[in-house]
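Reading the structure
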Amino acid sequence: MSVLIYTENWDGKFKKVSFELASYAATVAKAMQLPVIALSLGPVDDSELSKLSAYGVSHIMKNSDERFNTLDNQAIAKAIALAAEKVKATLIVLAHNNLGKAVAPRLAVRQKAGMVSAVHGLPFSYDPFTVKKMVFTGKAFSHAVIHSGVKVITLASNSFGLVENKVDFAPEAFETGLGDADFVTRIEQTNKITGKVLLNDADIVVSGGRGMKSGDNWGQLEELANLLGAGTACSRPVSDEGWRPHSEHVGQTGKIIAPNLYFAFGISGAIQHLGGVSSSKIIVAVNKDPDAPIFEAADYGIAGDVFKVLPQFIEAVKEVKSNG
Amino acid sequence: MKILILIGNVPDTTTKVKFNADRTAFDASGVQWIINPWDELALTRAMELKETSGGAVEAVVVANVGRAETEATLRKALAIGADKAIRIDADPKEAGYVASQLATIAAGYDLIMAGIEAADYNGNAVGGMLAEMLGMNSVSAVSGIQIENGQLKINREIDGGSQVVGLPMPLVAIVQKGIAKEPRIPAMRGIMMARSKPLEVVQPIDAAPMTNMVTFEMPPAKAACKMIAEDQAKDLIHLLRDEAKVL
C-alpha cells in the first residue's frame, strides 16, 4: 500500500503547488506508515524531478511521453490509475487546480474510490479517514469521511504549505502502454499567460473591484503586484464589464483562492466575493465606503480613495524592499 | 445532436449559510432554491447553440437527482427553453451516488454539459465521474463551445493560460464562467410553455455512497479590522511586514 501524488509540470517545470502536494503527502504517508510516491507525466529533467525530494518524496515514477502535454483528461486519468495499481495506492492526492479537478473524478471511478475535493490541510483522523473540506463556496467547512478502501482527494492550494525535508532522490521509469487512441484532445491553439504569477500559485494577490472605475486604471495595481511578486485578480462586476479577463475573477462563481495576503481595492465585499477569498490568511481592504462589508472580513483596512492609497503602498513597498 | 444538461438545485448564492443545532446538516429553513449558477450558464449556452445551429441541435434535455420539491428548479430550466426534464427521485447524497444515478439516463446524448462545481457542497466531481462511467470523453474548465461543421470547438482554461481544443463526441463538457455571458431569464411565454413540457420522474438504482459529511463548521471569526488613515497608508505596509509578517 502507498500514498500516490500526481505532480503536474508546466513546460517541464514544477510549481509551488507540486511541492505543497509533496510536503502534504510525505506528512500524511508518515502518519499512515506508508511509502509516498510521486508520478510525473510528460518531459521533465531529472534535475527538476529531484526538487520533489527536497519535500520528503524520494520515490518518483516518471514517464516522458510528450503526448501528456495535451492535458488529455482521459489519458492522464488512465496513466494515474495504472500507476496507482502498480504501487497499490490507497490514497491518491491531486492538486485542486484545473487539471486536478478534471482528472480526479475519472480516476475515482476507475479505482472505485470515494472522492473529496478542495480538502483543507491534514486529515482529522485516518480511521475513519476524515478530512476538512470547503463547502458553500468558502462560507463554511465540512468534515467529510471517505469509506472506500481507495481514496482520492484534491488538496486546496496554500491549505497546508511547504515542509522542507530532504530525502534521497530515486527516479524510476514508468511505462503506461497508452496508444494514440488514448489521447483524444486535439490542441488547436494555446495562449499562455507569461511573466505573471498564477492565481492559484500566488502567495500574494492584488485584486480590484468596481471602485477602480475603469479597466484603464489597472496600471498602479499591476505595478504593486509586480513589486510584490503577486498575482492579479478582480471581482465579478469587473470581469463582467470586460475590464479584466474572466480567468482573474475570484469569488463564488469564479476562482476560490487562499493566498497569505489578499489586497482588495475598491471591492465592496458582497457575500459571493467573500466566499472566494475568506480563507486568505490576511486581507487588506481599501474602499471609500467605511461601511462596506469587506471591512468585516478584512484584517487591515483604509476607508479612503484607492487612487490616493495605491501610490503610497507602491512607495512603501519599494522602501521595504530596498531596506531588506 | 442531442444535448443533456445536468442541473443542480442549490441555495441562492446570497444565502446566509446556517446549520442545525448539532451542526450535522444544512438548515434549509427560509432558503430560496435556484439552478446551480454554472449549470444555468450551461443551459443558456445550449439554448444559444440550438437557436443558431440551423437544426443541428435537435433537443436540449435537463436532468437532476432530487426529490419532488426540486421540480420548481426543473420547471425554471424548461422555462428558459429546455425541451424536456428528467428527475431521478432520490436525495443527492454525494458525487459518486449522483453520477451513478445520472448514468442510468445519460446514454445516447452527443454532448453532456455539467457545471464545474455545485454552489452547495462544491464537489467538482459529477461531470467527470459520469464521463468515466459512460466511457465518454471529457474536457473541463470549459469557457466556450462552438459547433463548426458538425464538430465541437472548445475553449478551456488551463493552469497558466487558455486553449482552443477539439474532442470527438460523445463528450462531457464541464463548464465554468464565460461559457455564456449571463444566464438567460425566462420570458413569460417560456414560463407558460414550461407547464406543458414533459417532466419525467425516474426511480433511482441502488448505489452505495462512498463518502459522507458528518459535521459542519463556520470559518473562524475574524478579529476587528485594524483601520489606518488614508494619508498614513504607508504604515499599513509596515504593519504587514512587522506585525502580520506576510511581507
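**Remarks on the domain arrangement of chain A**
All names here are of chain A.
- Split into domains, chain A comes out as domain 1 (2-182) and domain 2 (199-322).
- Counting residues at the interface gives twelve residues for domain 1, matched by 14 residues for domain 2.
- Summed over both sides, the interface of domain 1 with domain 2 buries roughly 1,000 Å², with 46% coming from carbon and sulfur.
- Area buried by domain 1 at its contact with domain 2 is led by Thr 137, Lys 139 and Asn 158, which between them contribute 45% of it.
- Our enumeration of links across domain 1 and domain 2 arrives at one salt bridge.
- Between Lys 16 and Asp 203 there is a salt bridge, with its nearest N and O atoms 2.4 Å apart.
- Our count for the domain 1 to domain 2 interface comes out at six residue pairs in polar contact (both at pLDDT 80 or more).
- Partitioned by chemical class, the residues of the side of domain 1 that touches domain 2 number three nonpolar, six polar and three charged.

**Brief notes about the nonpolar core**
- If you look at the biggest cluster of nonpolar residues, it comprises 38 residues, and the most contacted ones within it are Ile 3, Ile 5, Leu 43, Val 62, Met 113 and Ile 145 of chain B.
- Going through the elements one at a time, strand S1 (2-6), helix H1 (37-52), strand S4 (59-65), helix H2 (71-80), strand S6 (111-115), strand S7 (137-148), strand S8 (151-158) and strand S10 (171-175) of chain B are the ones with two or more residues in this core.
- For this core, the element with the most residues is H1 of chain B, which contributes six residues.
- Ignoring any residue separated from it by four or fewer positions in sequence, one finds Ile 5 of chain B in contact with Asp 39, Ala 42, Leu 43, Ala 46, Val 60, Val 61, Val 62, Ala 63 and Met 113 of chain B.
- Residues Leu 71, Ala 83, Val 152 and Leu 178 of chain A belong to the second largest nonpolar core, which totals 37 residues.

**Comments concerning empty space enclosed by the protein**
Residue and element names in this part refer to chain A.
- Scanning the entire structure with this criterion turns up three cavities of 30 Å³ or more.
- Space inside the largest cavity adds up to approximately 60 Å³.
- Of the residues forming the lining of the largest cavity, the biggest block, three residues, is contributed by helix H1 (residues 16-32).
- In the lining of the largest cavity, the residues fall into seven nonpolar, three polar and one charged.
- One number sums up the size of the second largest cavity: a volume of about 50 Å³.

**Quick look at helix H4 (residues 126-134) of chain B**
- Those residues of H4 of chain B not exposed but buried are Gly 127, Gly 128, Met 129, Leu 130, Ala 131 and Glu 132 of chain B.
- Phi for Gly 135 of chain B, located one or two positions after H4 of chain B, is positive at around 65 degrees.

**Let's talk about the interface of chain B and chain A**
- Contact residues are listed per partner, giving 80 residues for chain B and 94 residues for chain A.
- Carbon and sulfur atoms supply 56% of the area that chain B and chain A bury against each other, a total of about 7,300 Å² over both sides.
- Put simply, chain B and chain A have eight salt bridges between them.
- Linking chain B with chain A are 52 residue pairs in polar contact (both at pLDDT 80 or more), by the criterion used here.
- Contributing elements (two or more residues each) for the side of chain B that touches chain A: H1, H4, S7, S8, strand S9 (161-166), strand S12 (211-217), strand S13 (226-227) and helix H6 (233-242) of chain B.
- Tallying contributions element by element places H6 of chain B first for the side of chain B that touches chain A, with eight residues.
- A breakdown of the residues in the side of chain B that touches chain A according to their chemical character gives 41 nonpolar, 22 polar and 17 charged.
- Sheet topology places strand S16 (residues 300-303) of chain A next to S13 of chain B; two bridges connect them, and they run parallel. Within the sheet, the bridge partner assigned to Tyr 300 of chain A lies in S13 of chain B and is Lys 226 of chain B.

Definitions and cut-offs
- Residues numbered from 1 in each chain as written.
- Chains lettered and ligands numbered in written order.
- Predicted model: local features only at pLDDT ≥ 70, side-chain atom pairs only at ≥ 80, totals over all residues.
- Heavy atoms only, no water.
- Domains from an automatic or database assignment.
- Contact = heavy atoms within 4.5 Å.
- Buried area = accessible area lost by both parts, 1.4 Å probe.
- Salt bridge = Lys/Arg side-chain N within 4 Å of Asp/Glu carboxyl O.
- Polar contact = N/O pair within 3.5 Å; in protein donor to acceptor, adjacent residues only side chain to side chain.
- Nonpolar A, V, L, I, M, F, W, Y, C, P; charged D, E, K, R; others polar.
- Core = buried A, V, L, I, M, F, W, Y, C linked by side-chain atoms within 4.5 Å.
- Buried < 20%, exposed > 50% of the residue type's maximum accessible area, 1.4 Å probe, protein only.
- Helix = DSSP H or I, 4+ residues; strand = E, 2+ residues; numbered from the N terminus.
- 1 Å grid on protein atoms, 1.4 Å probe; cavity = no way out; pocket = protein on both sides within 12 Å on 5 of 7 lines; lining within 4 Å.
- Points joined across faces, edges and corners; volume = space filled by probe spheres on them.
- Pairing = 2+ DSSP bridges.

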